[in-house]
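Structure at a glance
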Amino acid sequence: MKTILVAGGAGYIGSHMVALLLERGYEVVVADNLSTGHWQAAKGAKLRVGDLRDSAFLDRLFTEFKIDGVINFAAFSLVGESVKNPLKYYDNNVGGSISMLKAMDRHGVDKIVFSSTAAVYGEPEKQPIEETDRTEPTNPYGETKLAIEKMLKWSDGAYDIRYVALRYFNAAGSNTEVGIGEDHSPESHLIPLVLKTALGQRSHIGIFGDDYPTPDGTCVRDYIHVRDLAEAHLLALEYLDKGGKSDAFNLGSGDGYSVKEIIDTARKITGKEIPAIVEPRRDGDPSVLIASNKKAGEILGWKPLRGLQTIIADAWNWHSNHPNGY
């Protein structure tokens, strides 16, 4: 049995990764400072509370457990906050990754799967977005993730730490079998906000602009089930374990859904009215963001299996059973 360290494993995506690893027979160690994560979400893992920037904390972890590989989800991820407080994001996201790579080098761990983001592309030049497209982030959050990707590349050359960087699009859904889901404070993602409106916790859902050059005038995004996302990380880890070379991959469904389509699908699944009000556009919102997932399919053998209906139905299952989160 292999032991995997999941940094940020008490967070939304990290906890779904933990659940999958445990299901597949891995021993799982979670490192999380619980600033945005929930200890209840890291079910079945060995949770150690601490900050990645604390090298003594990491040394204790790598000494206590024989870690075979690392999956790093630990990061601040609010785009708006990153614009207002960029140094907070550089300090936590980049600083934590530097500390983790140093600890891996000290303890002879040579594989890491890194949670990156579609935000590394900024305003896309074409659709669907491919890994070879220009990377020019439009916010500090995306910049920190791109900086870490570049740091990983140079660390591979210098320290022989191989990596896979996974650039995801819009993660959503929940694991209904384990009973974990999306609980952010504040919440900024569309699907949970729509479902909170269905629960009566919000008066309406805001649609930021309905005059985009899309079929119904609202922004189009690529949504991916969080369990499909976790499966891609496990495939990436297995790829590195078999000697695969360092690389970056997009993770998306390859399909786009508009804001109005999300709301209409949620109305059908929940049976609720879900009032929606058109509000002014937000600065920096591209009209369309869709991933090409061809490379992940060809090299990692990954294919998303769960569509929009399942994503929203699973998310509704979580939110209706946990109206106040964990």
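What comes next concerns the included structure. None of these values were measured; they are calculated from a predicted model.

Calculation rules
Residues numbered from 1 in each chain as written. Predicted model: local features only at pLDDT ≥ 70, side-chain atom pairs only at ≥ 80, totals over all residues. Heavy atoms only, no water. Buried < 20%, exposed > 50% of the residue type's maximum accessible area, 1.4 Å probe, protein only. Helix = DSSP H or I, 4+ residues; strand = E, 2+ residues; numbered from the N terminus. Pairing = 2+ DSSP bridges. Contact = heavy atoms within 4.5 Å. Phe/Tyr/Trp six-rings, centres within 6.5 Å; stacked < 30°, edge-to-face > 60°. Salt bridge = Lys/Arg side-chain N within 4 Å of Asp/Glu carboxyl O.

A few words on the pairing of strand E4 (residues 69–72). Neither face of E4 is exposed, since Gly69 and Ile71 on one face and Val70 and Asn72 on the opposite face are all buried. Looking at chain direction, strand E1 (residues 3–7) and E4 are connected through 4 bridges and run parallel. Residue pairing in the sheet places Ile4 in a bridge with Gly69 of E4. Relative to strand E5 (residues 111–117), E4 runs parallel, the two being bridged by 3 bridges.

Moving on to the sheet that holds strand E9 (residues 220–221). Pairing between the strands of a sheet is mediated by backbone hydrogen bonds and can be parallel or antiparallel. Read across the sheet, 3 strands follow the order E12-E9-E14 without closing on themselves; strand pairing throughout is mixed. The sheet is open, and its two edges are formed by strand E12 (257–258) and strand E14 (288–289), each paired on a single side. Inspection of the sheet shows E9 paired to E14 by 2 bridges, in the parallel sense. Residue pairing for E14: Arg221 is matched across the bridge by Leu289.

Attention now moves to the side chain of Glu149. Assignment of secondary structure puts Glu149 in helix H5 (residues 140–159). Looking at Glu149, the relative accessible area reads 7%, which means it is buried. Apart from residues lying up to four places away in sequence, Glu149 is in contact with Phe114, Ser116, Val120, Tyr163, Ala165, Arg167 and Ala248.

On to the packing of aromatic side chains, then. The full count for this structure, using the stated rule, is 3 aromatic pairs. With centroids separated by 5.7 Å and ring planes inclined at 55°, the aromatic side chains of Phe76 and Tyr89 adopt a geometry described as tilted. Taken together, the positions of Phe76 in the loop between E4 and helix H3 (79–84) and Tyr89 in helix H4 (residues 86–107) put the pair 13 residues apart, joining distant regions of the chain. Tyr89 matches Phe76 in its accessibility class, with the two residues each being buried.

A separate point is the pattern of salt bridges. Evaluation of the coordinates by the stated rule reveals 23 salt bridges. A salt bridge links Arg134 to Glu136, with the shortest nitrogen-to-oxygen separation between them at 3.9 Å. Here Arg134 falls in the partly exposed class, since its relative accessible area comes to 34%. Exposure remark for Glu136: the relative accessible area of 47% places this residue in the partly exposed category. Residues Arg306 and Asp228 are paired through a salt bridge, measuring 2.6 Å at the closest nitrogen-oxygen approach. On the criterion of sequence distance, the pair formed by Arg306 in the loop between helix H9 (294–300) and helix H10 (308–321) and Asp228 in helix H7 (residues 226–241) is long-range, its members being 78 residues apart.

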